[in-house]
Amino acid sequence: LAFWCALEIQTVLEYYTEKHSWRRLIFAGMFCLVLLLSVSHDGNSRWSREVSLWPNIEKQDDRPWLPDAGGILYNDSMVLFYNVFFHNPHGPWRYALGFEPIWMTADNLKIYRNIQLTRFKNESYFPWVKIMTRKDRMMLIRQAKPQIEGLEWHEVKPTVWSGRLKQKEQQ
């Protein structure tokens, strides 16, 4: 888009100004400034929303909200998986949704497809909640606290929520 705009402006400048005119330099400078400001502006958190700190097993505050050894991390997002995996490559847990949905167990894939088909409604996560143990965690990316019954939630990092079974429901 910027290249096309530059070509259009060049055509206009060639027609209305002389080749070595100060007007041409000022106009081109103004265009560059407007382009820079419009691209670099952080409106609606265009750039900063992606700068999220992900849970890390090395951080004491994050540890209770990551699965315990032998547990499973339930999630509905490949972005979440890749970032948690990148920051915890040797985490002693497994992932319900990992590198590719097709690698999921048949039961987890069925639950995951239902979550997608219901457009991530809270009720569609209940089959996972039902099979979770105290070692497991469910981690979701949400703007607000998930309202999935049976789990207590903690915002580990901005927009990253980790849920574990409530104390009375733990097995």
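Residues numbered from 1 in each chain as written. Predicted model: local features only at pLDDT ≥ 70, side-chain atom pairs only at ≥ 80, totals over all residues. Heavy atoms only, no water.

J.: Sorry if this is basic, but what is going on with the overall build of the chain here?
T.: Within the chain, the secondary structure is distributed over five helices and five strands. For the chain, the C-alpha radius of gyration of 24 Å lies well beyond 16 Å, the compact-globule estimate for 171 residues. Its C-alpha atoms give the chain principal-axis dimensions of roughly 80 × 35 × 30 Å. In the chain, buried positions account for 34% of the 171 residues. Entry remark: accessible area of the chain is about 11800 Å², with carbon and sulfur atoms responsible for 60%. Positive and negative side-chain charges in the chain, numbering 22 and 18 respectively, have mean positions lying 3 Å apart. (Helix = DSSP H or I, 4+ residues; strand = E, 2+ residues; numbered from the N terminus. Rg over C-alpha atoms; globule rule 2.2 N^0.38 Å. Buried < 20%, exposed > 50% of the residue type's maximum accessible area, 1.4 Å probe, protein only. Areas by Shrake-Rupley, 256 points an atom, 1.4 Å probe, with all protein chains shown as cover. Lys, Arg positive; Asp, Glu negative; His and termini not counted. Charge placed at Lys NZ, Arg CZ, Asp CG, Glu CD.)

J.: Sorry if this is basic, but what is going on with helix H4 (residues 106-117) here?
T.: Along an α-helix, a turn takes 3.6 residues, which lines up residues three or four apart on a common side. With twelve residues, H4 extends 16 Å between its outermost C-alpha atoms, agreeing within 8% with the 16 Å of an ideal straight helix rising 1.5 Å per residue. Looking at the buried positions of H4, the neighbouring elements they touch are strand S1 (72-74) and helix H5 (126-131). With its phi angle positive at about 60°, Arg119 sits one or two positions after the end of H4. (Expected span 1.5 Å × (residues − 1). Contact = heavy atoms within 4.5 Å.)

J.: Sorry if this is basic, but what is going on with unusual backbone geometry here?
T.: Residues apart from glycine generally show negative phi values, whereas peptide bonds are mostly found in trans. The backbone of Arg119 sits at a positive phi, close to 60°, despite the residue not being glycine. Mapped onto the fold, Arg119 is located in the loop between H4 and H5. You can call Arg119 exposed: its relative accessible area is 72%.

J.: I tried to follow the nonpolar core on my own but got confused; where do I start?
T.: Generally speaking, nonpolar side chains in soluble globular proteins are found buried as a group. One finds Tyr74, Tyr125, Trp128, Met138, Ile148, Leu151 and Trp153 to be the most contacted residues of the largest nonpolar core, which totals 20 residues. Secondary-structure elements contributing two or more residues to this core are S1, H4, H5, strand S3 (137-141), strand S4 (151-157) and strand S5 (160-165). In terms of residues, this core owes the most to one element, H4, which gives four residues. Beyond its immediate chain neighbours, meaning those up to four positions away, Ile148 contacts Asn122, Tyr125, Val129, Met138, Leu140 and Trp153. (Core = buried A, V, L, I, M, F, W, Y, C linked by side-chain atoms within 4.5 Å.)

J.: Whenever I open this one, the sheet that holds strand S2 (residues 94-95) confuses me. Can you help?
T.: Each strand in a sheet pairs with its neighbour through backbone hydrogen bonds, running either in the same direction (parallel) or in the opposite one (antiparallel). Read from one edge of the open sheet, five strands run S2-S1-S3-S5-S4, paired in mixed fashion. Since the sheet does not close on itself, it has two edges, and those belong to S2 and S4, each with one partner. Where helix H3 (residues 78-87) meets the sheet, it contacts S1, S2 and S3, and its direction lies at approximately 115° from that of S3. (Pairing = 2+ DSSP bridges. Axes fitted to C-alpha atoms, helices over the stretch in contact; angles between N-to-C directions.)

J.: Sorry if this is basic, but what is going on with the pattern of salt bridges here?
T.: Should the charged atoms of two oppositely charged side chains come close, the side chains can pair. If you walk through the whole model with that rule in mind, you get three salt bridges. Where Lys157 meets Asp62, a salt bridge forms, and the shortest distance between an N and an O atom there is 3.5 Å. Within this pair, whereas Lys157 is found in strand S4, its partner Asp62 is found in the loop between helix H2 (22-40) and S1, the two being separated by 95 residues in sequence. Asp62 sits in the buried class, given a relative accessible area of 2%. (Salt bridge = Lys/Arg side-chain N within 4 Å of Asp/Glu carboxyl O.)

J.: What is the right way to look at the environment of Ala106 in this model?
T.: Within the secondary structure layout, Ala106 lies in helix H4. Judged by relative accessible area, which is 65%, Ala106 ranks as exposed. In this structure the C-alpha to C-alpha distance between Ala106 and Phe126, which are 20 residues apart in sequence, comes to 17 Å.

J.: How should I be thinking about the side chain of Thr17 in this particular structure?
T.: Note on placement: Thr17 falls in the loop between helix H1 (2-16) and H2. Its relative accessible area of 16% is what places Thr17 among the buried residues. Within the local environment of Thr17, its side chain forms a polar contact with the backbone oxygen of Leu13, the two atoms lying 2.5 Å apart. In terms of polar contacts, Thr17 uses its side chain to reach the side chain of Arg24, at 3.4 Å. Look past the residues within four positions of Thr17 in its chain and what remains in contact with it is Arg23 and Arg24. (Polar contact = N/O pair within 3.5 Å; in protein donor to acceptor, adjacent residues only side chain to side chain.)

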